[in-house]
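# Reading the structure
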Amino acid sequence: MKVVYSPDLTRHDPAAEIWVGVRIVGTEVARRVELIAAAAQAHGHQLLAPRSVTAAEIRAVHDPGLVEFLKIAWSLWQESGYPREPGQDRVVPYVFPLHSLTSGRATRKPVSVAALAGLYAFDTMTLIGPGTWEAIEAAASCAVTAVDLVVAGDPVVFAAVRPPGHHAGRDFYGGSCYLNNAAIAASRLVDQMDGPISVIDLDAHHGNGTQEIFYRRADVRYGSVHIDPAAGYFPHFLGFGDERGEGPGEGANLNIPVPPGTRDRDWLTAVEELRDFADGSTALVVSLGVDAWSGDPESPLEVTHQGYQSAGTVLADLGLPTVIVLEGGYDLAEIGSLTMSFLEGFVKTSSTGPSG
Ligand code: SP5
Ligand code: ZN
């Protein structure tokens, strides 16, 4: 299988995350994609460099204000002097203009970059530094390049990217995500192919950004299995089973929240439900997070390598042109093999093998 990858993906170094006000070591590190690219090569997959994403492809999904902010945030931060005083070397918001703060009236654009960040960020864990924009752009570039290849006839292509994207929405970033790579891919696929596209999200966390981008659309379905936000997990406010889409998109959104400790059998039953939900689409985008693995530091799900392999086989059943986009997965010792397990399951010619 072709794997789209760029060394520019490693230029983003969030360095840390601010969690409950404390600066902790971040888990969304550059090494993640280096390991996955190396594993892909070792498994005989072919690494390809991306072409550049266009401004129009990004604008089809994201607000121009968000994109411009992500582009210039680091230079604004340096000009602001915060790296010297008080000694913060990454862009991080400190106030958040909730809509109720202005009783729904339009929010003014603040002068301070630390306030401006609060206009777009929904958490304090998603830091911006030197090279962040270059990696964001490279990730979107890999995603649209994978779409190009699938439209040209490749049955399945994997975009091995970071930073991940599924928590980023039209005009917000967070959850280690800045631009929504999978949504940009899906939007591009809709432009190129007739009929509905489905995005199936296997990351351990709910892809709240992808959900919101397509919430009112029937032409892109979004389905996800993830740790139940009601059990106290990120993104906390979204990912509940009663979020089914709205207006023209009613019924085109499917959330399957699962409890902490969920193992292969129940997780795969959910994956089968997602496959059936995607049936009748003309193309598939898989948001592949491998953080549902039992040892992952960011999630309490208990999925195994065999589970990921079976999930690949289940989704390959659809027989659809497929773009796989990497999301989360944080155990450096296992993410290469977990990702390969999914790809292996996907390309197995027969889907009658052991599937949990
Ligand atoms: C793409 C993706 O998988 N994003 C996941 C973001 C979830 N981050 C939740 C962080 C919650 C706090 N983590 C602190 C771990 C302390 N051991
Ligand atoms: Zn995740």
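Residues numbered from 1 in each chain as written. Chains lettered and ligands numbered in written order. Predicted model: local features only at pLDDT ≥ 70, side-chain atom pairs only at ≥ 80, totals over all residues. Heavy atoms only, no water.

## Focus on the overall build of the chain
- The secondary structure content of the chain amounts to 10 helices and 10 strands.
- Each principal axis of the C-alpha distribution contributes one length, and for the chain these read about 60 × 45 × 40 Å.
- Relative to its 356 residues, the chain shows a buried fraction of 56%.
- Of the contacts formed within the chain by residues at least 6 apart in sequence, a portion of 78% connects residues at least 24 apart.
- A total of about 14100 Å² of accessible surface is found on the chain, and carbon and sulfur atoms cover 52% of it.
- Looking at the chain, you have 24 positive and 43 negative side-chain charges, and the mean spots of the two groups are 6 Å apart. (Helix = DSSP H or I, 4+ residues; strand = E, 2+ residues; numbered from the N terminus. Buried < 20%, exposed > 50% of the residue type's maximum accessible area, 1.4 Å probe, protein only. Contact = heavy atoms within 4.5 Å. Areas by Shrake-Rupley, 256 points an atom, 1.4 Å probe, with all protein chains shown as cover. Lys, Arg positive; Asp, Glu negative; His and termini not counted. Charge placed at Lys NZ, Arg CZ, Asp CG, Glu CD.)

## Concerning the state of the cysteines
- All chains considered together, the criterion is met by 0 disulfides.
- A disulfide-free cysteine, C142 has its sulfur positioned 15 Å from the sulfur of C177, the nearest such atom.
- Take C142: its relative accessible area is 0%, and that puts it in the buried class.
- With relative accessibility at 1%, the residue C177 sits in the buried group. (Disulfide = S-S within 2.5 Å.)

## Regarding the packing of aromatic side chains
- If you walk through the whole model with that rule in mind, you get 8 aromatic pairs.
- With centroids separated by 4.6 Å and ring planes inclined at 45°, the aromatic side chains of W77 and Y82 adopt a geometry described as tilted.
- Judged by relative accessible area, which is 2%, W77 ranks as buried.
- The exposure class of Y82 is partly exposed, given its relative accessible area of 22%.
- Residues Y173 and Y178 carry aromatic rings whose centres are separated by 5.7 Å and whose planes lie at 20° to one another, so their mutual orientation is stacked.
- With relative accessibility at 1%, the residue Y178 sits in the buried group.
- Clustering of aromatic rings is evident, with ring pairs tying together F69, Y120, Y173 and Y178. (Phe/Tyr/Trp six-rings, centres within 6.5 Å; stacked < 30°, edge-to-face > 60°.)

## So, the pattern of salt bridges
- Counted under the stated rule, the structure contains 17 salt bridges.
- With a shortest N-O distance of 2.9 Å, R217 and D219 are connected by a salt bridge.
- Close ionic contact of D317 with R275 constitutes a salt bridge, the shortest N to O distance being 2.8 Å. One end of the pair, D317, is in the loop between α9 (305–316) and β10 (322–326); the other, R275, is in helix α8 (residues 264–278), and 42 residues separate them in sequence.
- Counted as one network, the salt bridges with shared partners bring together D13, R23, D89 and R90. (Salt bridge = Lys/Arg side-chain N within 4 Å of Asp/Glu carboxyl O.)

## Considering the nonpolar core
- In this structure, F69, L70, Y173, L202, W267 and F342 are the most contacted members of the largest nonpolar core, which totals 106 residues.
- With 12 residues, the single largest contributor to this core is helix α5 (residues 132–151).
- Contacts of Y173, omitting those with residues within four sequence positions, involve L66, F69, L70, A117, Y120, A121, F122, T126, I128, A168 and Y178. (Core = buried A, V, L, I, M, F, W, Y, C linked by side-chain atoms within 4.5 Å.)

## Focus on a nonpolar patch on the surface
- Together, W19, V20 and V22 line one region of the surface with nonpolar side chains, adding up to about 330 Å² of accessible area.
- By the secondary structure assignment, V22 is in strand β3 (residues 22–24).
- V22 sits in the partly exposed class, given a relative accessible area of 44%. (Patch = residues over 30% accessible without salt bridge, like charges linked within 9 Å, V, L, I, M, F, W, Y side chains within 5 Å.)

## Digging into the confidence of the model for the chain
- Considering every residue of the chain, the mean pLDDT works out to 97; 98% of them sit at 70 or more.
- Across residues 350–356 the pLDDT falls below 50, and counting only partners more than four positions away or on other chains, this stretch makes 10 contacts in the model. (pLDDT = per-residue confidence, 0-100.)

## A few points about helix α6 (residues 181–192)
- In this model α6 runs 17 Å from its N-terminal to its C-terminal C-alpha over 12 residues, within 8% of the 16 Å that 1.5 Å per residue would give.
- Burial runs high along α6: 9 of the 12 residues are buried.
- For α6, every residue scored as buried is listed here: N181, A182, A183, I184, A185, A186, S187, L189 and V190. (Expected span 1.5 Å × (residues − 1).)

## Some points on α9
- With 12 residues, α9 should cover 16 Å at 1.5 Å per step; its first-to-last C-alpha distance of 17 Å lies within 8% of that length.
- In terms of burial, α9 is a largely internal element, 9 of the 12 residues being buried.
- Of all the residues in α9, the buried ones are G307, Y308, Q309, S310, A311, G312, T313, V314 and L315.
- Among the structural elements, β6 (197–201), α8, β9 (283–288) and α10 (335–347) are those in contact with the buried residues of α9.
- A side-chain oxygen of the first residue of α9 lies 3.2 Å from the backbone nitrogen of Q306; this N-cap is T304. (Polar contact = N/O pair within 3.5 Å; in protein donor to acceptor, adjacent residues only side chain to side chain.)

## A word on the layout of surface pockets
- Approximately 1400 Å³ is the volume found for the largest pocket.
- Taken together, 49 residues line the largest pocket, and the ones lying closest to its centre are A121, F122, D123, G175 and F234.
- For the lining of the largest pocket, the secondary structure elements donating two or more residues are β2 (17–19), α4 (113–120) and α7 (208–213).
- Classifying every residue of the lining of the largest pocket gives 23 nonpolar, 16 polar and 10 charged. (1 Å grid on protein atoms, 1.4 Å probe; cavity = no way out; pocket = protein on both sides within 12 Å on 5 of 7 lines; lining within 4 Å. Points joined across faces, edges and corners; volume = space filled by probe spheres on them. Nonpolar A, V, L, I, M, F, W, Y, C, P; charged D, E, K, R; others polar.)

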